[in-house]
Amino acid sequence: MTAIFAVIAVLGISMTFGGPARADDEKHVYPVAGALNTPAAKEKLDGSVSFYFGNTKHPAVKTNFGETVTNKKTNGFAKSDHEACMHVMLSALIALQEEAKAQGANAVINIHSYFKRNDVSYDDKFECYSGFLMSGVALKGDIVKLAR
């Protein structure tokens, strides 16, 4: 019985201090187009809401419904960081789409990465952070109705 406890102790120490485990979140920056051009995005994003990142030009704003923040996480187990980040970015975009539609809006503009309230603006990229088992994307933007 003592041998079993010794093995468990060694495995516990090995899992705690060895291997590829990451305690801190590792930042990844990916193109927005990579997340928007997946089959899942084409299925889940219905086109009723447009997304404008950073300072990307957009039609005139008719109505501004205010700022919104979404913070999505996904399990990264058995997924590459890239795969997990594409998945969680799509989840964040779906959340923005649903919130915009609920308010009668047709766009989200000025979208910034907003992980841990660190506001970073890109016109064509987003930040994703991957840790030991989770990946996350946080976005901040303005829900609006644009003139079309």
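Going by the structure above, here's the rest.
This structure is a prediction, so every number in the text was calculated from the model and none was measured.

Trainee: What's the story with the pairing of strand 5 (residues 125-130) in this structure? I'm lost.
Mentor: Within a regular beta strand, the side chains point alternately toward one face of the sheet and then the other, so they alternate between its two faces. Counted residue by residue, strand 5 has 5 buried out of 6 residues, so it is predominantly covered. Across 6 bridges, the pairing between strand 1 (residues 26-31) and strand 5 is antiparallel. Counted as the bridge partner of Val-29 is Glu-127 from strand 5. As paired strands, strand 5 and strand 6 (residues 134-146) are joined by 2 bridges and run antiparallel to one another. From the neighbouring strand, Tyr-129 faces strand 6, where its bridge partner is Gly-136.

Trainee: Can you help me understand the pairing of strand 2 (residues 50-53) in this one?
Mentor: The alternating pattern of strand 2 places Ser-50 and Tyr-52 on one face and Phe-51 and Phe-53 on the opposite face, and all of these are buried. Of the pairings in the sheet, the one linking strand 2 to strand 4 (residues 107-113) comprises 3 bridges and is parallel in character. Bridging from a neighbouring strand, Phe-53 pairs with Ile-111 of strand 4.

Trainee: Explain the packing of aromatic side chains to me, please; I cannot follow it from the model alone.
Mentor: Within a pair of aromatic rings, the relevant descriptors are the distance that separates the centres and the angle that separates the planes. Taken as a whole, this structure holds 2 aromatic pairs when the rule is applied. Aromatic side chains Phe-115 and Tyr-129 sit 4.1 Å apart centroid to centroid with 10° between the ring planes, which places their arrangement in the stacked category. Taken together, the residues Phe-115 in the loop between strand 4 and strand 5 and Tyr-129 in strand 5 connect sequence positions 14 residues apart. In this pair, the class of Phe-115 matches that of Tyr-129, namely buried.

Trainee: I keep staring at the nonpolar core and nothing clicks. Help me out?
Mentor: A general tendency of soluble globular proteins is for nonpolar side chains to be buried together. Grouped together as the largest cluster of nonpolar side chains are 25 residues, with contacts concentrated most on Phe-51, Met-89, Leu-93, Val-108, Phe-126, Val-137 and Leu-139. For this core, the elements supplying multiple residues, two or more each, are helix 2 (32-36), strand 2, helix 4 (81-102), strand 4, strand 5 and strand 6. Counting residues per element, this core draws most heavily on helix 4, which supplies 9 residues. Those residues within four positions of Leu-93 in sequence are excluded, and the remaining contacts are Leu-36, Leu-45, Phe-51, Phe-53 and Leu-139. Grouped together as the second largest cluster of nonpolar side chains are 5 residues, Tyr-52, Ala-107, Val-144 and Leu-146 included.

Calculation notes
- Residues numbered from 1 in each chain as written.
- Predicted model: local features only at pLDDT ≥ 70, side-chain atom pairs only at ≥ 80, totals over all residues.
- Heavy atoms only, no water.
- Buried < 20%, exposed > 50% of the residue type's maximum accessible area, 1.4 Å probe, protein only.
- Helix = DSSP H or I, 4+ residues; strand = E, 2+ residues; numbered from the N terminus.
- Pairing = 2+ DSSP bridges.
- Phe/Tyr/Trp six-rings, centres within 6.5 Å; stacked < 30°, edge-to-face > 60°.
- Core = buried A, V, L, I, M, F, W, Y, C linked by side-chain atoms within 4.5 Å.
- Contact = heavy atoms within 4.5 Å.

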